[in-house]
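# Tertiary structure, described
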Amino acid sequence: MPSAVDLSAVRLTIELAGLTTLILMVVGTPIAWWLATTRSRLRGLFGALVALPLVLPPSVLGFYLLVSLGPRGPLGALTQWLGLGLLPFTFAGLVVGSVFYSMPFVVQPLQQAFEAIGKRPLEVAATLRASPLDTFFSVVLPLARPGFITAAILGFAHTVGEFGVVLMIGGNIPERTRVVSVQIYDHVEALEYAEAHWLAGGMLVFSFLVLLALYTFNSRKRMV
Amino acid sequence: MSDSAYIELDLQHGWTDFGLRVEARLPVSGVTAIFGHSGSGKTTLLRCIAGLERARGGRVTVAGECWQDESRGLFVPPHKRALGYVFQEASLFPHLSVRRNLEYGQRRIPASERRISLDQAVELLGIGHLLERSPQRLSGGERQRVGIARALATSPRLLLLDEPLAALDQRRKQEVLPYLARLHAELGIPMLYVSHSLAEVTRLADHMLYLEGGAVRAAGPLNRVLTSAELPLAHLDEAETALEGQIEAHDEAFQLSYVRVPGGRLALPLTELPAGRAVRVGIQARDVSLALEKPQRSSILNQLQGQVLDVLHEPDSAQSLVRIDLGGAVLLSRITRRSAVELELRGGIQVYAQIKAVALVN
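The residue numbers shown here count from 1 along each chain, following its written sequence. The lettering of chains begins at A and the numbering of ligands begins at 1, in the order of writing. Two thresholds apply to this predicted model, a pLDDT of at least 70 for residue-level local features and 80 or more for giving and counting side-chain atom pairs, whereas whole-chain, interface and lining totals are computed over all residues. Just so you know, side-chain values use all the structure's heavy atoms and leave hydrogens and water out.

Taking an unreviewed UniProt entry as the reference, chain B is identified by name as Molybdate transport system ATP-binding protein belonging to Pseudomonas kuykendallii.

As recorded in an unreviewed UniProt entry, chain A goes by the name Molybdenum transport system permease, listed as coming from Pseudomonas kuykendallii. UniProt positions are given in the numbering used here, feature names are shortened, and annotations may be inferred rather than shown by experiment. Turning to chain A, the UniProt annotation filed under Function (unreviewed entry) states: "Part of the binding-protein-dependent transport system for molybdenum; probably responsible for the translocation of the substrate across the membrane." Its UniProt record gives chain A the following Sequence similarities (unreviewed entry) comment, quoted word for word: "Belongs to the binding-protein-dependent transport system permease family. CysTW subfamily."

## Points about the pairing of strand S10 (residues 207–212) of chain B
Residues and elements named next belong to chain B. Bridge count between strand S3 (residues 31–35) and S10: 4 bridges; the pairing is parallel. What sits directly across from Phe35, in S10, is Tyr210. Strand direction decides the pairing type here: S10 and strand S11 (residues 215–221), joined by 6 bridges, are antiparallel. Each bridged residue has a counterpart across the sheet, and for Leu211 the counterpart in S11 is Val216. Hairpin remark: S10 followed by S11, antiparallel, with 2 residues in the connecting loop; positive phi at Gly213, about 55°. Here a strand pair is declared whenever DSSP counts at least two bridges between the two strands. In this description a helix means any DSSP run of H or I spanning at least four residues, a strand means any run of E spanning at least two, and both kinds are numbered starting from the N terminus.

## Describing the interface of chain A and chain B
Contact between two residues is taken to exist if any of their heavy atoms lie within 4.5 Å; hydrogens are not considered. On the chain B side, the residues contacting the 19 residues of chain A number 22 residues. For the pair chain A and chain B, the two sides together bury roughly 1,800 Å², of which 63% comes from carbon and sulfur. Definition used for salt bridges: Asp or Glu carboxyl oxygen within 4 Å of a side-chain nitrogen of Lys or Arg. For the pair chain A and chain B, the interface holds 3 salt bridges. Where the side of chain A that touches chain B is concerned, the elements lending two or more residues are helix H6 (120–127) and helix H7 (132–143) of chain A. Summed over both partners, buried area is the accessible surface (1.4 Å probe) that two parts give up on being assembled.

## Brief notes about the pairing of strand S9 (residues 191–195) of chain B
All names here are of chain B. Whether a residue is buried, partly exposed or exposed follows from its accessible area with a 1.4 Å probe, protein chains only, as a fraction of its type maximum: under 20%, in between, or over 50%, in that order. Judged by how many residues are buried, S9 sits mostly within the fold: 5 of 5 residues are covered. Here S3 runs beside S9; their pairing, made up of 5 bridges, is parallel. Residue pairing for S9: Ala33 is matched across the bridge by Tyr193. Seen with its strands pointing away from the viewer, a crossover is right-handed if its path from the first strand over the helix to the second goes clockwise. With helix H5 (residues 170–186) bridging strand S8 (residues 158–162) and the parallel S9, this β-α-β connection has right-handed handedness.

## So, the UniProt feature "transmembrane region" (unreviewed entry) in chain A
All names here are of chain A. On the UniProt side, "transmembrane region" (unreviewed entry) is annotated at positions that read residues 12–36, 48–69, 81–101 and 196–217 here. Secondary structure across residues 48–69 divides into 91% helix and 0% strand, with the first and last C-alpha atoms of the span separated by 22 Å. Secondary structure across residues 196–217 divides into 100% helix and 0% strand, with the first and last C-alpha atoms of the span separated by 31 Å.

## Focus on the state of the cysteines
When two cysteine sulfur atoms lie within 2.5 Å, the pair is treated as a disulfide. This model, assessed by the stated rule, comprises 0 disulfides over all chains. Here Cys48 of chain B stays free of any disulfide, with the sulfur of Cys66 of chain B as its closest cysteine sulfur at 14 Å.

## Points about the nonpolar core
Residues and elements named next belong to chain B. Side-chain atoms within 4.5 Å link the members of a nonpolar core, which is a set of buried Ala, Val, Leu, Ile, Met, Phe, Trp, Tyr and Cys residues. One finds Leu102, Leu125, Leu152, Leu159, Leu180, Leu183 and Met208 to be the most contacted residues of the largest nonpolar core, which totals 51 residues. Here this core gets 6 residues from one element, more than from any other, and that element is H5. Contact partners of Leu125, with chain neighbours within four places excluded, come to Arg145, Ile148, Ala149, Leu152, Tyr179 and Leu183. Of all hydrophobic cores here, the second largest spans 36 residues; its members include Ile7, Leu26, Tyr85 and Leu209.

## Notes on the domain arrangement of chain B
All names here are of chain B. These domain boundaries are the output of an automatic or database domain assignment. Taken domain by domain, chain B comprises domain 1 (6–235) and domain 2 (240–359). For domain 1 versus domain 2, the distance between C-alpha centres works out to 32 Å. Across the boundary between the two partners, domain 1 contributes 15 residues, which contact 13 residues of domain 2. The largest share of the area that domain 1 buries against domain 2 comes from Asn223, Thr227 and His235, three residues that together contribute 45% of it. Asp206 serves as the salt-bridge partner of Arg280, at 2.8 Å between the closest nitrogen and oxygen. Those elements that provide at least two residues to the side of domain 1 that touches domain 2 are helix H6 (198–204) and helix H7 (222–227). Charged residues are taken to be Asp, Glu, Lys and Arg, nonpolar residues to be Ala, Val, Leu, Ile, Met, Phe, Trp, Tyr, Cys and Pro, and polar residues to be all remaining types, Gly included. Across the side of domain 1 that touches domain 2, the residue classes break down as 7 nonpolar, 6 polar and 2 charged.

Rendered as structure tokens:
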């Protein structure tokens, strides 16, 4: 049976993934929209930056975030100046790390959804007197809904699965930064295989169900 | 200086391989066809007028209202222009029902500017039975009718149509055409109608702007452009004249209706339109033969009297094109060159045009 410590790790993981997904939907939507519609030459540069976490070892991302969020880093100076204190080894620090880490999993499905809509519906809306902002909410959002669902599911699931970034900038503090993946690692280190099985099995089932839901949803969408 | 009776265009828009250079003054009444082959710049011109594309230089003024003037850096974005736009593919919003599609534009204009009600737009296009459907469950023709009604529901001051029939098969074209003709007859909204189909233009347009290679080749009243000797239209195999006329009387016994046109009276298969109604007839050049004296005892009922303007011999062909002035309109006749020579046809001669086939096109 999972212990109280295990359950608190589960709760913390869900909080982290939920908050990260929420932030990413708000921050990622304009980034994805810009990437999908801009003709700027900077498009390639920002596209690559957003996609970087896909190929970077999480420990590398975590290391740089740790340094820049630290007392002598530029982001650290900023958070201290804002009166937020230092973020490493706090839950807030984990959220910041997760936002960077899961960014491509939210931005890319959104960008693809926006690109699939094309220019025509936007032009039609303009000739029907809708301003660009009005068009975004009345045409783009509803047409890109499958993309938003995919982005939210992937963002959430990917944040749940992170390990390297968490360990680097969160450490391993019970109730504050110890998430499920780290807790499993601890169990294995302590040779508590039975406990590790509970959590690892739970993660396996969760991840499979999420992907199953996603693929079922997407294939049904395609048939319409 | 801008005149409220005109659409004034002076646009330069260009890439290295293709440029649009259009300076034109079009009437703000009736239907003006923007005609040309693919690649002539018709759609680009329409998109520039709508503001969907921003011409690099120039001016667009519609009925005294300036929409673009690059010399002043003025560019009114498309959603602030009182226009309706019908795209080649109806482009209905797939997430909205037909009714919601129609309401989309109408809800976005101030109530004081709503001159066309939703019911009126629905009735004009005959789509009352489709309102609760989703666009995915409409035929191509129905979709295009909804697209036109959606544009009308914004009570536009100018309706722009970009080849609205081009994506439809022949049967669907015949389904939608009467509705377009009806808009022309019943609404006072000026229309710019992009097309490369002479048949559509003959049927719907009052004026024509003829584009070639991104520039204006000719502009003017339909009959004048269709019959101009300098333009290729009169020389086409399917060359056609449109004559404006008026229904004069019906003959139930012979199942005929008589239409008064310049040069005489034409008999057509009986129509339900009332006497006095203005109509347009289309006459193909190849259906017109010529006689120097009034033909007696001929089976051909339709004879118009006119004066030969000129005779154009088509190079490397047995055919000649004769242009006949009916007094107010020009009729085209395609006859063999041999006939033209044997009858000694030349400008100024009185002729009788015998017409084998006449179609009521409007």
